[in-house]
Each structure stands twice: as C-alpha cells, then as structure tokens.
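# Residue-level structural notes
Each chain is listed here by its residues.
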Amino acid sequence: MNYYEPVPGLRLPAAAMGCMRIAEMEYGALERQVLLAAELGMNFFDHADFYGEFRSEARFGEVLARNPGLREKIYVQSKCGIRIGGIYDSSAEHITKSVENSLRSLHTDYLDFLLIHRPDPLARPDEIARAFEGLHAAGKVRYFGVSNHNPAQIEALQQAVPHKLLINQMQMSILHTPMIDHGVNVNTKFAGAEDRDGSVLEYCKAKQIMLQAWSPFQYGFFEGVFVDNPKFP
Ligand SMILES: NC(=O)c1ccc[n+]([C@@H]2O[C@H](COP(=O)([O-])OP(=O)(O)OC[C@H]3O[C@@H](n4cnc5c(N)ncnc54)[C@H](OP(=O)(O)O)[C@@H]3O)[C@@H](O)[C@H]2O)c1
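Worth saying up front: this structure is predicted, and the values here are computed from it rather than measured.

Conventions used here
- Residues numbered from 1 in each chain as written.
- Predicted model: local features only at pLDDT ≥ 70, side-chain atom pairs only at ≥ 80, totals over all residues.
- Heavy atoms only, no water.
- Near = heavy atom within 4 Å.
- Polar contact = N/O pair within 3.5 Å; in protein donor to acceptor, adjacent residues only side chain to side chain.
- Areas by Shrake-Rupley, 256 points an atom, 1.4 Å probe, with all protein chains shown as cover.
- Nonpolar A, V, L, I, M, F, W, Y, C, P; charged D, E, K, R; others polar.
- Pairing = 2+ DSSP bridges.
- Helix = DSSP H or I, 4+ residues; strand = E, 2+ residues; numbered from the N terminus.
- Contact = heavy atoms within 4.5 Å.
- Axes fitted to C-alpha atoms, helices over the stretch in contact; angles between N-to-C directions.
- Buried < 20%, exposed > 50% of the residue type's maximum accessible area, 1.4 Å probe, protein only.
- Phe/Tyr/Trp six-rings, centres within 6.5 Å; stacked < 30°, edge-to-face > 60°.
- Right-handed = clockwise from strand over helix to strand, strands pointing away.
- Left-handed = near helix turned anticlockwise from the far one by under 90°.
- Core = buried A, V, L, I, M, F, W, Y, C linked by side-chain atoms within 4.5 Å.

### Quick notes on the site of the ligand
Taken together, 19 residues sit near the ligand, with R21, D46, Q169, S215 and F217 positioned nearest. At 2.7 Å from an oxygen atom of the ligand is found a side-chain nitrogen or oxygen belonging to S215. Separating an oxygen atom of the ligand from a side-chain N or O atom of Q218 is a distance of 3.2 Å. Relative to its free-state accessible area of 910 Å², the ligand is covered by the protein chains to the extent of 66%. Its residues assigned to classes, the shell around the ligand comprises nine nonpolar, seven polar and three charged.

### Section: the sheet that holds strand β3 (residues 17–18)
Judged by pairing direction, the sheet is parallel, and its seven strands sit side by side in the order β3-β4-β5-β8-β9-β10-β11 without closing on themselves. A single partner strand is all that each edge strand has here, and the edge strands are β3 and β11 (210–214). Inspection of the sheet shows strand β8 (residues 111–116) paired to strand β9 (residues 141–147) by five bridges, in the parallel sense. Along β9, the bridge assignment pairs F113 with Y143. Across the sheet, helix α4 (residues 92–106) touches β5 (75–80), β8 and β9, and the angle it forms with β8 is around 140°.

### Structural notes on the environment of H182
As for its placement among the helices and strands, H182 is situated in helix α7 (residues 178–184). For H182, a relative accessible area of 6% gives the class buried. Considered as a pair, H182 and G61 are 121 residues apart in the sequence and their alpha carbons are 41 Å apart. Excluding residues that lie within four positions of it along the chain, H182 makes contacts with G192, A193, E194, D195, R196, D197, S199 and E202.

### Remarks on the packing of aromatic side chains
Applying the stated criterion across every chain, the model contains 11 aromatic pairs. Aromatic side chains F44 and Y75 sit 5.9 Å apart centroid to centroid with 40° between the ring planes, which places their arrangement in the tilted category. Of the two residues, F44 sits in strand β4 (residues 44–46) while Y75 sits in strand β5, which places them 31 residues apart along the sequence. Judged by its relative accessible area of 2%, F44 falls in the buried class. According to the relative accessible area criterion, Y75 is buried, its value standing at 14%.

### A word on unusual backbone geometry
For Q208, which is not a glycine, the phi torsion comes out positive at approximately 60°. Within the fold, Q208 resides in the loop between α8 (200–207) and β11. One non-glycine residue, D228, lies in the positive phi region at around 55°.

### As for the pairing of strand β10 (residues 165–171)
Where burial is concerned, most of β10 is hidden: seven out of the seven residues are buried. Pairing of β9 with β10, which is carried by four bridges, proceeds in the parallel orientation. In the strand pairing of β10, V146 is matched with N168. A crossover connection joins β9 to the parallel β10 through helix α6 (residues 151–158); in handedness this β-α-β unit is right-handed. The pairing of β10 with β11 spans five bridges and is classified as parallel. Across the sheet, residue N168 finds its bridge partner in β11, namely L211.

### Description of the packing of α4 against helix α5 (residues 125–137)
Packing of α4 against α5 leaves a shortest axis separation of 8 Å and a crossing angle of 35°. In this structure, the crossing between α4 and α5 has a hand that is right-handed. For the pair α4 and α5, the contacting residues are A92, I95, T96 and V99 in the first and E127, I128, R130, A131, F132 and L135 in the second. For the contact of α4 with α5, the residue count by class is seven nonpolar, one polar and two charged.

### Considerations on the nonpolar core
Formed by 42 residues in total, the largest nonpolar core has its most connected members in F60, I95, L114 and F132. Filtering out sequence-adjacent residues up to four positions away, I95 remains in contact with C80, S90, L114, I116, I128, A131, F132 and L135. Core analysis: the second largest hydrophobic core is formed by nine residues, F44, F113, L166 and M210 among them.

It is worth stressing that arrangement in space is one thing and function is another; only the former is reported here.
Encoded structure:
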C-alpha cells in the first residue's frame, strides 16, 4: 500500500472504500467488507451525509458500534453542503447540524475529515470558516477539505479558513481524464487541450493537497462500470 503524507505524521492510504452504495447491503456482507478493507490497510472510508438517501452513514455506524476498537484504527471522512432536494446550503448552521447528524449516525465522536461536497456559488467563505472553526474547537472534526473544486474556488475558501484544506475529491478514472488530458496536450489545437478545471491537478500537487478519485470504475457521469463491459473490450 502506498501512502500520502499531506502534513507530517498524517499517513493516508492510497486506496479507500467509498460508502455511497452501502445502504442496501446485507449487514454481514457490509461488516465483512469493512473489516477486510481495514485489515488490508485500506483504512479510509468515504461518506457523505446524503449517501443512500441519508441512510449509509447509519449502516456504517452499526459496524462501528458492533466492533469496539475499530474506530481508532480507521479514518472516517464525510461531506456536507447539499440538502434534501439537491439544494446547496453552505451556511455555518447547516454545516454544523449536518456534521452533528453524521456523528450520531456513525456512532462516533469525531470525523477525521470533513469536505464541502460541491462548490456553492452562493457560499460565503467566512460562514464556512466559522463552522469549521467551531467543529474543530469542539473536537468534532480533525481535518478539512473540498470536493469538485477548482483552484480558484479552493483559494477563495482557503483565504477565510485557518486550517489548511488537505483534500480535493474529483471524478477520475481511466475513462474520465480531463484533469490529465489538457496537461498532456498543452499548447496544441487538439480537443483534449481544453482546460476544464483550472489546472487542478498541477495546483493540488503544488499545494500538497491530496486528490481523491471518485467513481474510479465508472465511465461518463454514472453511466455504468467499464470493467467487464463489452463497450470497452
Ligand atoms: N465527491 C463526489 O462528488 C462523489 C461522487 C460520486 C462518488 N463519490 C465517492 O466515490 C465512491 C466510488 O464511487 P462509485 O461507487 O460511483 O464508483 P465506482 O467505485 O467506480 O463504481 C462502483 C461500482 O463498481 C462496481 N465494481 C467494483 N469493482 C468491480 C469489478 N472488479 N468488476 C465489475 N464491477 C465492479 C461495483 O459493483 P458491485 O456493487 O457489484 O460491487 C459498483 O457498482 C463513492 O462510494 C463515494 O464515496 C464521490
């Protein structure tokens, strides 16, 4: 297993388990999967408040409750900022409430990481900063980051937030590579030269922000899995 160390002493595994699809899993299968992943060193679990129509975190929380000692051995990450119905809400009040709900569902006192799920054009960085500071001071969140953000959006938030944003989670798979394509095609007239993300790959490298890949087995925007798919021989 490879590791990434965005700050000294914080060793993050290169592989993680996404928990977006666990809500319908049978309990025994879910527990086996989580324990095996942790045993293999894949000890980073990615959640969001609304995964599984707000049920996934509680399913995972059941595993934590039934396995004393597991919580301290793993990293738990969640995301917030989108309410029921897909309405973005980056107010301090919503972020704080969302984390408190996640903690209750997950049967834990703290999140290792909290990410803002998607860039909210109406977000006020000072509101997000206020929520982050309160959650960190109360021991409810250790580290912070974002998801689906470009460099300018990260900069706008980082200037208000005193904690370094350590993670940016972006869609990436061998069939979804815009972050890589434009760097490879730089200064050409090929279609791939178009920069759709403000050079987020290069920015995150320079700033020591860990890029996490979401949907690494999917093609398109949730069109399906490419593994063993006759469309992709
Ligand atoms: N930040 C964001 O905006 C965002 C958005 C989407 C997802 N995410 C995160 O990314 C994680 C992964 O995303 P995802 O679930 O969409 O994508 P994924 O991991 O690319 O795909 C999951 C699907 O791949 C199938 N699969 C896995 N290994 C396979 C194999 N060897 N052969 C055939 N099929 C295989 C699984 O099938 P089975 O169910 O049959 O195992 C499952 O249906 C999520 O859990 C979530 O944590 C984040």
